Amino acid sequence: MTSNGTPPTGQRHGRLRAAAAACAVTALGATALAALPSTASAAGELSVQYRTSATGATADQSEPWFKVRNTGAAALPLSEVKLRYYFKADSAGAAYRFGCSWAVKGCANITGTFGTLAHPTATADRYLEIGFTAGAGSLAPGADSGDLQLRFHQSTWQPLRQSDDYSFGAAQTAYGDWTKVTATRAGTLVWGEAPAGNTPTDPPTTPPPGSGTLWDDFGYTSYNDPRISANGWSVRANSGGPGVPGATWDPSNVTFADSGGSTVMTMETSTDGTAAGTEQTEVLTKAVKFRNGTYAARVRFSDAPASGPDGDHLVQTFFTINDLKAPMADDYAEYDFEYLPNGGWGEPSSILYTTSWETYNPDPWQAVNQHTEDRRSYAGWHDLVLTIDDNAVKYYVDGQSFGTHDAAYLPERPMSINFNQWLIDLAGQTSTTPRAYRQQVDYVLHVKDQILTPAQVSGKVAAYRSAGTTFEDTVPTP
């Protein structure tokens, strides 16, 4: 979970659930994706109908309601569909909040995020993007989604002006086809026309100024391969937490080998039931320069040990973190994927946590965080994606939304990127027979200041591998 300087693990997560806030269901916002010039609408797959129940030139909140109709000949998975409603911000610094009042498909299956247009016009410089989770299901040919009764407002609740918004139609008080809203399917425009120069694209084609990418395929030969350090990684050897007090962090237990044509990194953690006989592993970036944007890794979690008896309270991780400068310092940040194959922290069996940290006090223990968990086995390979913008922290597992955490947990300072595997304690398995556990990592990707969907992450990974690029780091140092 954490690198040096973090709180005692038994205290930290033994009280995590009581200290954590409930997972936010509704997304609050997202960073804009860049766009290509506008083109005429495509046809033949779906249509979008629009109406509004707030018709005034100004209103406390805008109320764009939609129906999506499948006009094709095959089933239409709504998770492949994104709508964009374009509007003019009320001021340069205005922030907006999305809400779903009611939806036939269920508000929990509707997402709303805000973005900034690459090419502002007189009637649009922002957009609200509506998406669907897998829980929204599919539309049969000829079927529609039913009502999507949506709304958005300024974060200050000041009135907003609608009369100058590109997608607004004051006279549209009953549902009708509306081409001033765009719809994409799997990233391809299939309905509507965007404001000039702002057709939505997938993946984004023009990164924002100052952005950069870290990509590593982990194509190394050993833990002491000089390229590891040259590429900005540290294989931990120093003592300290988290984990069993007195355990060591052994860099020689980090190895690399070919698997299916790609090199994977294996981190082995072992114990004989004693602190002196416990060896843990961690690999982390030396640079602390990562903040907003998209983080992704393909990680193989293991339920059973590679050798010896099972049962230890093991933690397998992918996370970002910076240092706690003082107890309850509000500029601390940490965002975790943590898998406990044998439970721990009061959990009896397999559990996957995602946790967003604002701060903590190590003694007496006090935690300020928000987490989401799923109590089942996650053994095997998984695609893990974390996105952070100015509105929310979002976690995805295997392309599906896992948790959305509130703006209160956003980072104030840059962080490092880390992987580690360690033991919470020695109480899960009391045998003195040696045993070893393995976590594997296929790749890591960070794209600064851009919010990518899991599908866009997969496309970017495929492009790097097709080009034979094994490493790239263009993320600037703050």
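Our subject is the structure listed above.
**Describing the sheet that holds strand 9 (residues 110-121)**
Strand order in the open sheet formed by five strands is 9-10-7-15-16, and the pairing between neighbours is antiparallel. Looking at which strands have only one partner, the edges of the open sheet turn out to be strand 9 and strand 16 (188-191). Looking at each pair of strands side by side, their axes are set apart by 30° on average, direction ignored. In this structure, strand 7 (residues 81-87) lies alongside strand 10 (residues 124-132), joined through six bridges in antiparallel fashion. Across the sheet, R84 pairs through a bridge with E129, a residue of strand 10.

**Focus on the environment of A124**
Checked against the element boundaries, A124 lands in strand 10. A124 gets classed as buried once you look at its relative accessible area, which sits at 0%. The spatial distance from the C-alpha of A124 to the C-alpha of Y85 is 9.5 Å, given a sequence separation of 39 residues. Contact partners of A124, with chain neighbours within four places excluded, come to Y86, F87, K88, L117, Y166 and P195.

**Observations concerning empty space enclosed by the protein**
Taken as a whole, this structure holds one cavity of 30 Å³ or more when the rule is applied. Around the largest cavity sit F218, Y220, I228, W233, V235, V254, F256, M265 and V283, which together line it. Mapped onto the lining of the largest cavity, the elements with two or more residues apiece are strand 19 (233-235) and strand 21 (254-259). The class makeup of the residues in the lining of the largest cavity is nine nonpolar, no polar and no charged.

**Quick notes on the state of the cysteines**
Overall, the coordinates contain one disulfide when judged by the stated rule. In this model C100 forms its disulfide with C107; the gap between the sulfur atoms is 2.1 Å. What sets the handedness of the C100 and C107 disulfide is the S-S torsion sign, and at about -70° it is left-handed.

**With respect to unusual backbone geometry**
Generally, phi is negative for residues other than glycine and the peptide bonds are trans, each holding for most cases. In this model, G241 is joined to P242 through a cis peptide bond whose omega is 5°. On the secondary structure map, P242 appears in the loop between strand 19 and strand 20 (248-249).

**Remarks on the sheet that holds strand 5 (residues 64-70)**
Sheet architecture is open: five strands sit in the order 8-12-5-3-14, paired in antiparallel fashion. Two strands bound the open sheet, and with one partner strand each, they are strand 8 (96-103) and strand 14 (176-177). Strand direction decides the pairing type here: strand 5 and strand 12 (residues 148-154), joined by two bridges, are antiparallel. Looking at strand 12, one finds that F66 is bridged to L148.

**Some words on the pattern of salt bridges**
Taken as a whole and judged by the stated rule, the model has 19 salt bridges. Between E80 and R185 there is a salt bridge, with its nearest N and O atoms 2.8 Å apart. With E80 in the loop between strand 6 (76-77) and strand 7 and R185 in strand 15 (residues 181-185), this pair connects stretches of sequence that are 105 residues apart. For E80, a relative accessible area of 31% translates into the label partly exposed. Of the residues examined, R185 reaches a relative accessible area of 24% and is grouped as partly exposed. A salt bridge links D323 to K325; the shortest N-O distance between them is 3.7 Å. Overall, the relative accessible area of 42% leaves D323 in the partly exposed class.

Procedures and definitions
- Residues numbered from 1 in each chain as written.
- Predicted model: local features only at pLDDT ≥ 70, side-chain atom pairs only at ≥ 80, totals over all residues.
- Heavy atoms only, no water.
- Pairing = 2+ DSSP bridges.
- Helix = DSSP H or I, 4+ residues; strand = E, 2+ residues; numbered from the N terminus.
- Axes fitted to C-alpha atoms, helices over the stretch in contact; angles between N-to-C directions.
- Buried < 20%, exposed > 50% of the residue type's maximum accessible area, 1.4 Å probe, protein only.
- Contact = heavy atoms within 4.5 Å.
- 1 Å grid on protein atoms, 1.4 Å probe; cavity = no way out; pocket = protein on both sides within 12 Å on 5 of 7 lines; lining within 4 Å.
- Points joined across faces, edges and corners; volume = space filled by probe spheres on them.
- Nonpolar A, V, L, I, M, F, W, Y, C, P; charged D, E, K, R; others polar.
- Disulfide = S-S within 2.5 Å.
- Salt bridge = Lys/Arg side-chain N within 4 Å of Asp/Glu carboxyl O.

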